[in-house]
Amino acid sequence: MSAQIVPDYEAQLNAILDRCHSASLDARIPDAGELPEGYTGTLGNFPVYFPDEIAHAAGLLPVNILGGGNKLEMKHADARMGSFVCSICRSTTELGLNGTLAGLTGFVTHPICDAAKHLAGIWSRNLPDQMAEILYLPQNPNSPGAARYVAAEYQRLRAELARKVGHPISDAAIRSSIRLYNKKRRLMRELYQIRRDEPWKLSCSESYLLVRAGTRIPCEEHVELLEQALPAIRQRHVAAQDKPRVIFVGGFCEQPPLEMLETIDDACFVVDDDLLIGQRWFTEDVPEDVGDPVWALAESYIERSHASPVQHDERKPKGDYLMAMLRDGKADAAILTAAKFCEPGLDEQLFWSKDLDAAGVQYLVLEFEEKMTSFEQMAMQVETFAESLLFALA
Ligand code: SF4
C-alpha cells in the first residue's frame, strides 16, 4: 500500500502570505512586457470602489492605488498640496511625480471627498501623458435615477477606455469579467466568514494581506491564491488564546500600516473589519447572464453593496451596519479608527461612538496615518483596552 502524501498546509499558507506581502509592498507598475497574457496596460484607480470588471474587459490590469505606505520619502507632493490633506492623497501624488506610477495607462478617482475629487485635476496638470478621469458616483443613491446615472457613468468610462486601448469593449467580455470577479468576491466572503467563526485561524493582518494582494495582481492569480489559501486556513491548528473579540472600522480608504494591524492582532481577535471594503463591495454576486452587464454592475452598486462612510445611503444607517458587524461576529467591542485629516472617516466616527454609547458597547478610538512608524504607545492602549474587556467579561 502506498503511503498517503499529507500536504503541508502551514508551509503552503506561509508561501501564499509571502507572495501577497511582496505584491502588496510593490508600488511599481509593471511595464507592458511584464504583464500577463491578455493584459495590454494598467489602469490605476483610487479607493474606495471601482468597477474593475470594465478595465479587465478592456484588457487593462486594474491597480488600486493605495498611497505610499510608511517607507516613502516625500519630495515633490508637499509643494502641490495643503498640509491638511490626508496622507493617501499626498503620497499617491508623490508616487505619480517621482515616476513610480509612470507606467499607468490612466488614473481614475472618485468624488468621495474634496481631497479625492481634486486629485484628478492635480494628476492631469502634472502628468499630462496619462488619462486622468473622475468617475462620478452618485451623491444620493436613494434617488430613483441613481442606478441609471451610475450605468451612464460606467458607459462613459467604457467608451474612454475603448478609445485608449483602441478596440471596443464587448458585453461578452464584461460578462466574463463579472463571472471572474464574482468568484474572487465569493472567496473573500468565505475568508471573512472564517474570521467570524474561527478568528484564531486567521489574523486580521493575514486576512488583510490576502485581500490586499488583489489590489495589484491579476484577478486570475488572486483567485488561484485564495482557492489554495482557504483549505490551508481551515486545516490550521492554533492553540486557543484568551483574547477579546473586536471589530475594526475606519480602514475603508487610506490604509493603516500593517504594523498597526499586527499590534491589534497581538491583543485581540479582530472578527470583522472594513479594510479595503471596495474590494469586497458587493454583498451578493453581480448578476452574470443578463442582457446588459453594465446595468448589472450599476444596479449592484446601488442595491447590493456594503455600507461605507463615503456612500450616503439612507437605507444603511451608520450605526446599523456597525451593530450588524458586532452581532454577526459575536464581537465584544469595537476599535474605531480614522485616518488623520479624513473628513468622511472622522464624521462617521462621531456617529459610531454615539450609537455604541447608546447600546452600551465598549470601544477604543485610534487615529492612524499610513506613514506612521512607531506603534509602542498604540500597543499599550490596545493592550489596556483588551485587558479591561477581558476583566469585564470574566
Ligand atoms: S482618506 Fe478620507 S479624506 Fe483621504 S481621500 Fe480617503 S476618504 Fe478622502
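What you are looking at is a predicted structure, and each value in this text was computed from that prediction instead of being measured.

**Notes on the site of the ligand**
Taken together, 15 residues lie near the ligand, and Cys-86, Cys-113, Cys-253, Glu-254 and Cys-342 sit nearest. Going through the elements one at a time, helix 3 (87-97), helix 4 (114-126) and helix 12 (343-359) are the ones with two or more residues in the shell around the ligand. The greatest single-element share of the shell around the ligand, amounting to three residues, is contributed by helix 12. Looking at the shell around the ligand, its residues break down into twelve nonpolar, one polar and two charged.

**Describing the environment of Pro-287**
Mapped onto the elements, Pro-287 comes out in the loop between strand 6 (269-273) and helix 10 (293-303). Sequence separation between Pro-287 and Thr-384 is 97 residues, and the spatial gap between their C-alpha atoms is 46 Å.

**Quick notes on the sheet that holds strand 2 (residues 60-64)**
Taken in spatial order, the four strands of this open sheet run 2-1-3-4, and their pairing is parallel. Either end of the sheet is taken by a strand with one partner, and the two such strands are strand 2 and strand 4 (131-134). On average, each strand axis in the sheet is inclined to that of its neighbour by 20°, with strand direction left out of account. Here five bridges tie strand 1 (residues 41-45) to strand 2, and the two strands are oriented parallel to one another. In the strand pairing of strand 2, Leu-43 is matched with Pro-62. Where helix 4 meets the sheet, it contacts strand 3 (106-109) and strand 4, and its direction lies at approximately 160° from that of strand 4. The sheet contacts of helix 5 (residues 146-165) involve strand 1, strand 2, strand 3 and strand 4, and relative to strand 4 the element is tilted by about 175°.

Conventions adopted
Residues numbered from 1 in each chain as written. Predicted model: local features only at pLDDT ≥ 70, side-chain atom pairs only at ≥ 80, totals over all residues. Near = placed C-beta within 6 Å. Helix = DSSP H or I, 4+ residues; strand = E, 2+ residues; numbered from the N terminus. Nonpolar A, V, L, I, M, F, W, Y, C, P; charged D, E, K, R; others polar. Pairing = 2+ DSSP bridges. Axes fitted to C-alpha atoms, helices over the stretch in contact; angles between N-to-C directions. Contact = placed C-beta atoms within 7 Å.

Keep in mind these numbers describe shape, not what the thing actually does.
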